[in-house]
Amino acid sequence: MLINLTPHDVTIRTQDGHELTYPPTGPIARVREERTIARVVEGIPFMQVQFCDVQGLPRSLDGVYMIVSSMVRQALPDRLDLVTPGDTIRDQHGQVIACRALYCNG
């Protein structure tokens, strides 16, 4: 079972050409970030970003894979239930419209 913890629909085009769309289903999983100004150059702040804890992510559930952002998945390399859209398909404007695979941690 797949659930989508991103803020937008995720469409997966299977190998036989069918499309499966997963709408957002619950809390949005996000990586909290802390920003500080490292310096200012020509009036432009250069921000230093530190990624902290993940918020809005449920505990692992047997047989459930959670679609999350790449940042969330990479922040938790031991979570084998987290997947992200991969091998993306773009329209003529460069917008992602689907993916052919899901990337995982292992």
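Attention in this report is confined to the structure presented alongside it.

What counts as what
- Residues numbered from 1 in each chain as written.
- Predicted model: local features only at pLDDT ≥ 70, side-chain atom pairs only at ≥ 80, totals over all residues.
- Heavy atoms only, no water.
- Helix = DSSP H or I, 4+ residues; strand = E, 2+ residues; numbered from the N terminus.
- Rg over C-alpha atoms; globule rule 2.2 N^0.38 Å.
- Buried < 20%, exposed > 50% of the residue type's maximum accessible area, 1.4 Å probe, protein only.
- Contact = heavy atoms within 4.5 Å.
- Areas by Shrake-Rupley, 256 points an atom, 1.4 Å probe, with all protein chains shown as cover.
- Lys, Arg positive; Asp, Glu negative; His and termini not counted.
- Charge placed at Lys NZ, Arg CZ, Asp CG, Glu CD.
- Pairing = 2+ DSSP bridges.
- Salt bridge = Lys/Arg side-chain N within 4 Å of Asp/Glu carboxyl O.
- Patch = residues over 30% accessible without salt bridge, like charges linked within 9 Å, V, L, I, M, F, W, Y side chains within 5 Å.
- 1 Å grid on protein atoms, 1.4 Å probe; cavity = no way out; pocket = protein on both sides within 12 Å on 5 of 7 lines; lining within 4 Å.
- Points joined across faces, edges and corners; volume = space filled by probe spheres on them.
- Nonpolar A, V, L, I, M, F, W, Y, C, P; charged D, E, K, R; others polar.
- Core = buried A, V, L, I, M, F, W, Y, C linked by side-chain atoms within 4.5 Å.

Of the regular secondary structure elements, the protein holds 1 helix and 8 strands. Along the protein, helices (α) and strands (β) appear in the sequence β-β-β-β-β-β-α-β-β when read from the amino end. Relative to its length of 106 residues, the protein is extended, with a C-alpha radius of gyration of 17 Å against a globular reference of 13 Å. Projected onto its principal axes, the C-alpha positions of the protein cover 55 × 40 × 25 Å. By residue count, 24% of the 106 residues in the protein fall in the buried class. Once local pairs closer than 6 in sequence are excluded, the contacts in the protein between residues at least 24 apart make up 29%. When the accessible area of the protein is evaluated, it comes to approximately 7,300 Å², of which 52% is carbon and sulfur surface. The centroid of the 10 positive side-chain charges in the protein is displaced by 3 Å from the centroid of its 12 negative side-chain charges.

Let us look at the pairing of strand β3 (residues 19-22). Looking along a regular strand, one sees side chains alternate from face to face of the sheet. As judged from the 4 bridges shared by strand β2 (residues 10-13) and β3, these two strands associate in the antiparallel manner. Its bridge partner lying in β3, Ile12 is registered against Leu20. Hairpin connection from β2 to β3: 5 residues lie between these consecutive antiparallel strands, with Gly17 at a positive phi of about 95 degrees.

All told, the structure shown has 6 salt bridges when counted by the stated rule. A salt bridge links Arg13 to Glu19; its shortest N-O distance comes to 2.7 Å. Taking relative accessible area as the criterion, Arg13 reaches 29% and is therefore assigned partly exposed. Here Arg32 and Asp53 are joined by a salt bridge, their closest N and O atoms 2.7 Å apart.

Next up on the list: a nonpolar patch on the surface. Among the surface-exposed residues, Ile37, Val40, Met47, Val49, Phe51 and Met71 lie close enough to one another that they form a single nonpolar patch of about 560 Å² accessible area. Of all the secondary structure elements, the ones that give two or more residues to the nonpolar patch are β4 (30-41) and β5 (44-55). Take Ile37: it is sitting in strand β4. The exposure class of Ile37 is exposed, given its relative accessible area of 56%.

On to the layout of surface pockets, then. The volume enclosed by the largest pocket comes to roughly 350 Å³. If you go around the largest pocket, you meet 20 residues; those closest to its centre are Thr6, His8, Val10, Ser69 and Pro85. If you list the elements that add at least two residues to the lining of the largest pocket, you get β2, β4, β7 (82-90) and β8 (96-104). Per-element accounting of the lining of the largest pocket gives the leading share, 4 residues, to β8. Of the residues assigned to the lining of the largest pocket, the class counts are 12 nonpolar, 6 polar and 2 charged.

This part covers the nonpolar core. Core analysis: the largest hydrophobic core is formed by 10 residues, namely Ile3, Leu5, Ala29, Val31, Leu57, Val64, Met66, Val68, Val72 and Leu82. In this view, Val72 contacts Ala29, Arg30, Val31, Val54 and Leu82; residues no more than four positions away in its chain are not counted. Listed in part, the 5 residues of the second largest apolar core include Val10, Ile12, Val83 and Cys99.

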